[in-house]
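# Geometric and topological summary
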Amino acid sequence: MDLAVTTLEGKDAGKVTLSDAIFDLDPREDILSRVVRWQLAKRQQGTHHAQGRAEVSRTGAKMYRQKGTGRARHSSARAPQFRGGGKAHGPQDRSHAHDLPKKVRALGLRHALSAKARANDLIVLDDLSAKEAKTKALTGSFEKLGLSDALIVGGAEIDINFGRAARNIPHVDVLPVQGINVYDILRRGKLVLSKAAIEALEERFK
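Remember, it's a predicted structure, so these values are computed and weren't measured experimentally. (Residues numbered from 1 in each chain as written. Predicted model: local features only at pLDDT ≥ 70, side-chain atom pairs only at ≥ 80, totals over all residues. Heavy atoms only, no water.)

## Side note on the overall build of the chain
Looking only at helices and strands, one finds seven helices and six strands in the chain. Secondary structure of the chain in N-to-C order comes out as β-β-α-α-α-β-α-β-α-β-α-β-α. For 206 residues, the compact-globule estimate of 2.2 N^0.38 gives 17 Å, and the chain exceeds it by more than 25% at 27 Å. Projected onto its principal axes, the C-alpha positions of the chain cover 95 × 40 × 25 Å. Evaluated residue by residue, the chain yields a buried proportion of 35% over its 206 residues. For the chain, the proportion of contacts with a sequence separation of at least 24, taken over those separated by at least 6, is 70%. Total accessible area on the chain stands at roughly 12800 Å², and carbon and sulfur atoms take up 47% of it. Taken together, the 36 basic and 24 acidic charged side chains of the chain have centroids lying 18 Å from each other. (Helix = DSSP H or I, 4+ residues; strand = E, 2+ residues; numbered from the N terminus. Rg over C-alpha atoms; globule rule 2.2 N^0.38 Å. Buried < 20%, exposed > 50% of the residue type's maximum accessible area, 1.4 Å probe, protein only. Contact = heavy atoms within 4.5 Å. Areas by Shrake-Rupley, 256 points an atom, 1.4 Å probe, with all protein chains shown as cover. Lys, Arg positive; Asp, Glu negative; His and termini not counted. Charge placed at Lys NZ, Arg CZ, Asp CG, Glu CD.)

## What to know about the packing of aromatic side chains
With the rule as written, the count across this model stands at one aromatic pair. Ring centres 6.4 Å apart and planes at 70° place the aromatic pair Phe-142 and Phe-162 in the edge-to-face group. Residue Phe-142 is found in helix 4 (residues 135-145), and its partner Phe-162 is found in helix 5 (residues 160-166); the two are separated by 20 residues along the sequence. A relative accessible area of 2% means that Phe-142 is categorised as buried. (Phe/Tyr/Trp six-rings, centres within 6.5 Å; stacked < 30°, edge-to-face > 60°.)

## A look at the nonpolar core
Looking at soluble globular proteins, one finds that nonpolar side chains tend to be buried together. The biggest cluster of nonpolar side chains holds 30 residues, and the ones touching the most others in it are Phe-23, Leu-113, Val-153, Ile-180, Ile-185, Leu-191 and Leu-193. When contributions to this core are tallied by element, the ones reaching two or more residues are helix 1 (20-23), helix 2 (29-43), helix 3 (102-118), strand 3 (122-125), strand 4 (150-153), helix 6 (182-187), strand 6 (190-194) and helix 7 (195-204). When neighbours within four sequence positions are excluded, Ile-180 is seen to be in contact with Leu-109, Leu-113, Val-153, Leu-175, Ile-185, Leu-193, Leu-201 and Arg-204. In this structure, Leu-128, Leu-147, Ala-150 and Phe-162 belong to the second largest nonpolar core, which totals 16 residues. (Core = buried A, V, L, I, M, F, W, Y, C linked by side-chain atoms within 4.5 Å.)

## A few points about the domain arrangement of the chain
How large an interface is tends to be reported as the accessible area lost when its parts come together. Domain annotation of the chain identifies domain 1 (2-45 + 97-205) and domain 2 (47-93). Look at where the C-alpha atoms of domain 1 and domain 2 centre, and you get two points 53 Å apart. (Domains from an automatic or database assignment.)

## A look at the sheet that holds strand 3
The sheet built from six strands is open, its strands ordered 2-1-3-6-4-5 with mixed pairing. This sheet does not close on itself; its edge strands, each paired only once, are strand 2 (12-17) and strand 5 (172-175). Neighbouring strand axes in the sheet, compared pairwise and without regard to direction, differ in orientation by 30° on average. Relative to strand 6, strand 3 runs parallel, the two sharing four bridges. The residue bridging Val-124 from the neighbouring strand is Leu-193, located in strand 6. Each of strand 1 (2-6), strand 2, strand 3, strand 4 and strand 6 touches helix 7; the most contacted strand, strand 6, lies at about 85° to it. (Pairing = 2+ DSSP bridges. Axes fitted to C-alpha atoms, helices over the stretch in contact; angles between N-to-C directions.)

What follows is the structure in structure tokens.
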């Protein structure tokens, strides 16, 4: 499939031919969902922790004598039913990460790219570079292109001035092509790829 290439100023810069195997698949929501769930699970810290009855700091003495009081028999004030006792079956430190085959991860990325292309939310820029690290100037360029909520993916390295100018703009993320991922693609309205990013992606999925 062919897509028009523009400059940051909104001028026409020719066309680029995109690989159908990457940008023209029929998006599958089940695969996208699996990859997003895998990504978010890996991001969880898993540091939530509640003290059990073996961990709370309370006396180990028997609360009151076993027989003759007319009350239920209890041995420890650390039991969960008492105030200040340990939590029963509370959360413990653990990793939430789970495995996902590499082929499914790669397929998920291709489906995410195809979903943006199918929805006409894919924009190709000739070059991601700025003469000065001025947020105001870059914001004006983005307004011309209609970018208010976008993920911008460059080549192996992001131009320093462009990266500095873009990092203060809300709802705009800038990543090198190595960092492209399904979650960030889907959470933003528009996907902006540089020609260098497209070349790198096509080389990656050969």
